[in-house]
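# Remarks on the overall topology
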Amino acid sequence: MKLNLADTDIRINISFAAIITLMLIIDESGICALALFCCVFHEAGHILCLWAMGEKPERIVFSFYGIKLERLPTASHGRINEIIIFASGPFANFVLSLFLILISAMNETLKTWALISLITGLFNLIPIRPLDGGNILFSALCRMMKTEMAEKICNAVSIAVTIPLLLSGIPAAAKTGNFSLLASALYLTGAGISEKKRIRV
């Protein structure tokens, strides 16, 4: 499915629509809907930051790996501003989380929502590309060294993060039946491989 909004292409892949529909049907707690809102709020933080710097995203893609902003290949605001752009998504989640905590009082739903928003922000700060944390690390390294060396360091960090998660996620799933850690590790691995292919192209 393709849409155009304010000169920005919006693409919703079948994989995204299918997995969201399945999760919303299975989940009776409403947590999936809250998580989806937190993800959208996260991307809204990026979009607002880009607009503040005079740029519009070229494309917004909804896929199996989540919601992703794609910018023009020529778009660049300098490494410091790039770090700010990548950090704006997690920052939006932290602001939302703080706001929800302040108004939650005894409302457990708002407290759960605040926790989900906090986790969303922290998860995106994991130093693996294409997550914000990985892009922040890459941009910071590029200020100190050549791009090729920054790429090698980022790849090494990605491996150092994902392998322990995989090794600990498998026995955790087998013993407790909790697949969240393993699913996160597999997601990060798949997202990392997808990003490497995109960069090579």
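Coordinates for the structure precede this section.
Residues numbered from 1 in each chain as written. Predicted model: local features only at pLDDT ≥ 70, side-chain atom pairs only at ≥ 80, totals over all residues. Heavy atoms only, no water.

## Some words on the packing of helix α2 (residues 31-52) against helix α4 (residues 108-123)
Defined as follows: Here the axes come from fitting lines to C-alpha atoms, over the contacting stretch only for helices, and the angles between their N-to-C directions go from 0 to 180 degrees. Secondary structure elements are defined from DSSP: runs of H or I of at least 4 residues count as helices, runs of E of at least 2 residues count as strands, and each element is numbered from the N terminus. Any angle that falls under 35 degrees is termed roughly parallel, while one over 145 is termed roughly antiparallel, one within 65 to 115 roughly perpendicular, and all others oblique. Crossings are assigned a handedness: left-handed for a near helix turned anticlockwise from the far helix by less than a right angle, right-handed for a clockwise turn. Should any heavy atoms of two residues lie within 4.5 Å, those residues are considered in contact.
Close contact between α2 and α4 brings their axes to 9 Å; oriented N to C, the two are set at 50°. If you check the angle between α2 and α4, you find them oblique. Here α2 runs over α4; the crossing is right-handed. Here Ile-31, Leu-34, Ala-35, Phe-37 and Cys-38 of α2 come into contact with α4, specifically with Thr-109, Thr-112, Trp-113, Ile-116, Ser-117 and Thr-120.

## With respect to the side chain of His-42
Note the following rule: Note on classification: 1.4 Å probe, protein chains only; a residue is buried when its accessible area is under 20% of the maximum for its type, exposed when over 50%, partly exposed between these limits.
With respect to the element layout, His-42 can be found in helix α2. A relative accessible area of 2% places His-42 in the buried class. The contact partners of His-42, leaving out residues within four places of it in the chain, are Gly-89, Pro-90, Asn-93, Asn-124 and Asp-132.

## Regarding a nonpolar patch on the surface
The test is simple: Surface patches are defined over residues having more than 30% relative accessible area and no salt bridge, joining like charges when they lie within 9 Å and nonpolar side chains (Val, Leu, Ile, Met, Phe, Trp, Tyr) when within 5 Å. Accessible surface is estimated by sampling points in the Shrake-Rupley manner with a 1.4 Å probe; for residues, cover comes only from the protein chains shown. We define a salt bridge as a side-chain nitrogen of Lys or Arg found within 4 Å of a carboxyl oxygen belonging to Asp or Glu.
A surface patch of nonpolar side chains, amounting to about 420 Å² of accessible area, comprises Leu-115, Leu-118, Ile-119, Leu-122 and Leu-125. Relative to the helices and strands, Leu-122 is located in helix α4.

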